[in-house]
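Architecture at a glance
Spelled out, the chains give:
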Amino acid sequence: MKFHVIVGRGAAASKTALLLAEDGERVRMISRTGGGPEHPLIEKVAADATDTDRLTQLTEGATTLFTTAAPPYHTWPEQFPIISASLLTAVRRTGVAYVMLGNLYAYGPVDGPIRPDFPLAATGPKGRARALVWEEAAASGVKVTEVRAGQFYGAGAFSVFSLMVQRQVLDGRLALVPQELDLPHSYSAIGDTARTLVAAGRDEQAYGRAWHAPTSTLSVRELAGRLAELAGAPKPRMEEMTERDLVLLAFTEPFWAELHEVLTKPGHPFVVDYSETEKILGVGATPVDDVLQEMI
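These numbers were taken from a predicted model, which means no experiment stands behind them. (Residues numbered from 1 in each chain as written. Predicted model: local features only at pLDDT ≥ 70, side-chain atom pairs only at ≥ 80, totals over all residues. Heavy atoms only, no water.)

1. Focus: the nonpolar core
Judged by nonpolar contacts, the single largest core of 37 residues is most densely connected at L65 and Y98. Taken together, the elements giving at least two residues each to this core come down to strand 1 (3-7), helix 2 (52-59), helix 3 (76-94), strand 5 (97-103) and helix 4 (125-138). With near-sequence residues (within four places) excluded, L65 lies in contact with V5, V7, T59, L87, V91, V96, A97, Y98 and V99. In terms of nonpolar packing, the next biggest core, distinct from the first, is built from 31 residues, L19, A97, A157 and A199 among them. (Core = buried A, V, L, I, M, F, W, Y, C linked by side-chain atoms within 4.5 Å. Buried < 20%, exposed > 50% of the residue type's maximum accessible area, 1.4 Å probe, protein only. Helix = DSSP H or I, 4+ residues; strand = E, 2+ residues; numbered from the N terminus. Contact = heavy atoms within 4.5 Å.)

What follows is the structure, given as structure tokens:
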């Protein structure tokens, strides 16, 4: 029986663990709280990923180490290098295959559809932090690949859409959104992201490069409208947040001050090309209404 280690316990980690377990493969989930889904083949362990010796011990004998872990948003530049160094050391010590969940920040502002072979040209601190995590792993000589996802949506997602649109729409309340309401934007379903992680981990030709999780591209207003229609909720009321809104909110919570770096350029669609993932790894995008219905 194959044995895998997953560092993290969020929606993508949990769905990945369930996909592997449902295929009869044993999974050990590691997080500081020891959380995760219930399944006979899923073992949940409370441990800190920065404890390299403990992480190494827990990874011994595994086929694959998946990581979906991320520190608090506003601490990425300081904390990501620490976590990633510990993970990479454990991978080197054990010889396990390494599958990383990343995002699209490392590319920086891009015109046109984003492809996985684009340079990681971000200059902001969060984008550079994500770029360095991949660059160091790729240059280390270990067997590694990265799956880069767009903004999450779907059951269990933690994102701008889930936090600032989803509940407001379902409750019939005004949604204030820090992105342009009618520009095309690529969203990654949690389930599709997990399926890509599993597919990349199992395919030898996936290693040594990055892949994009499948996305569905539509405006946030369109996505909110489809959610409301499926849920029988009122037509969404939405407004774009202003710079002043974000500045004022930054006094209450560090998260808001961090959004400026990763907001898309005004008037520019944010579109992802995942055609290689579909062609080579065999993973496509789940229809939007199916994802929203599961979420509802």
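2. Section: the sheet that holds strand 5
In space, the seven strands of this open sheet follow the order 3-2-1-4-5-6-10, with parallel pairing throughout. A single partner strand is all that each edge strand has here, and the edge strands are strand 3 (42-46) and strand 10 (210-212). On average, adjacent strands in this sheet sit at an angle of 20° to one another, irrespective of strand direction. Taken together, the five bridges between strand 1 and strand 2 (residues 26-31) define a ladder with parallel strand orientation. The residue of strand 2 that forms the bridge with F3 is R26. Sitting on the sheet, helix 3 touches strand 1, strand 4 (64-67) and strand 5, and the angle it makes with strand 5 is about 165°. (Pairing = 2+ DSSP bridges. Axes fitted to C-alpha atoms, helices over the stretch in contact; angles between N-to-C directions.)

3. Things to note about the sheet that holds strand 7 (residues 151-153)
With respect to topology, three strands assemble into an open sheet ordered 7-9-11, the strand pairing being mixed. The outermost strands of the open sheet, each flanked by one partner alone, are strand 7 and strand 11 (216-218). Strand-to-strand twist across the sheet, computed as the mean angle between neighbouring axes with direction ignored, equals 45°. Sheet contacts for helix 6 (residues 190-202): strand 7 and strand 9 (185-189); angle to strand 9, the most-contacted strand, approximately 70°.

4. So, the layout of surface pockets
Volume-wise, the second largest pocket comes out at about 210 Å³. Lining the second largest pocket are 14 residues, and of these K15, A155, I190, G191 and E294 sit closest to its centre. Mapped by element, the contributors of at least two residues to the lining of the second largest pocket are helix 1 (11-22), helix 6 and helix 11 (288-295). The class makeup of the residues in the lining of the second largest pocket is six nonpolar, four polar and four charged. (1 Å grid on protein atoms, 1.4 Å probe; cavity = no way out; pocket = protein on both sides within 12 Å on 5 of 7 lines; lining within 4 Å. Points joined across faces, edges and corners; volume = space filled by probe spheres on them. Nonpolar A, V, L, I, M, F, W, Y, C, P; charged D, E, K, R; others polar.)

5. Brief notes about the pattern of salt bridges
Where charged atoms from two side chains of opposite charge approach closely, those side chains can pair. Summed over the entire model, instances satisfying the criterion amount to 15 salt bridges. A salt bridge links E38 to K44; the nearest nitrogen and oxygen atoms lie 2.4 Å apart. Taking relative accessible area as the criterion, E38 reaches 67% and is therefore assigned exposed. Classification of K44 as partly exposed rests on a relative accessible area of 29%. The residue R173 makes a salt bridge to D171 at a minimum N-O spacing of 3.4 Å. Judged by its relative accessible area of 43%, D171 is partly exposed. Where salt bridges share partners, they join D23, E25 and R202 into one cluster. (Salt bridge = Lys/Arg side-chain N within 4 Å of Asp/Glu carboxyl O.)

6. Some remarks on empty space enclosed by the protein
As enumerated under the stated definition, the model contains three cavities of 30 Å³ or more in all. Approximately 90 Å³ is the volume found for the largest cavity. Looking at the largest cavity, the residues that line it are T67, A69, F80, I83, S84, L87, Y98, M100, L101, R130, V133 and E146. Of all the secondary-structure elements, those providing two or more residues to the lining of the largest cavity are helix 3, strand 5 and helix 4. Counting residues per element, the lining of the largest cavity draws most heavily on helix 3, at four residues. Here the lining of the largest cavity is composed, by residue class, of eight nonpolar, two polar and two charged.

7. Some points on the packing of helix 1 against helix 6
Between helix 1 and helix 6, whose axes approach to 8 Å, the crossing angle comes to 55°. With respect to each other, helix 1 and helix 6 are oriented oblique. Judged by the sense of rotation from one axis to the other, the crossing of helix 1 with helix 6 is right-handed. When helix 1 is examined against helix 6, the residues A11, A12, K15, T16, L19 and L20 are found in contact with a partner set consisting of I190, G191, A194, R195, L197, V198 and R202. In terms of residue class, the contact of helix 1 with helix 6 is built from eight nonpolar, two polar and three charged. (Parallel < 35°, antiparallel > 145°, perpendicular 65-115°, else oblique. Left-handed = near helix turned anticlockwise from the far one by under 90°.)

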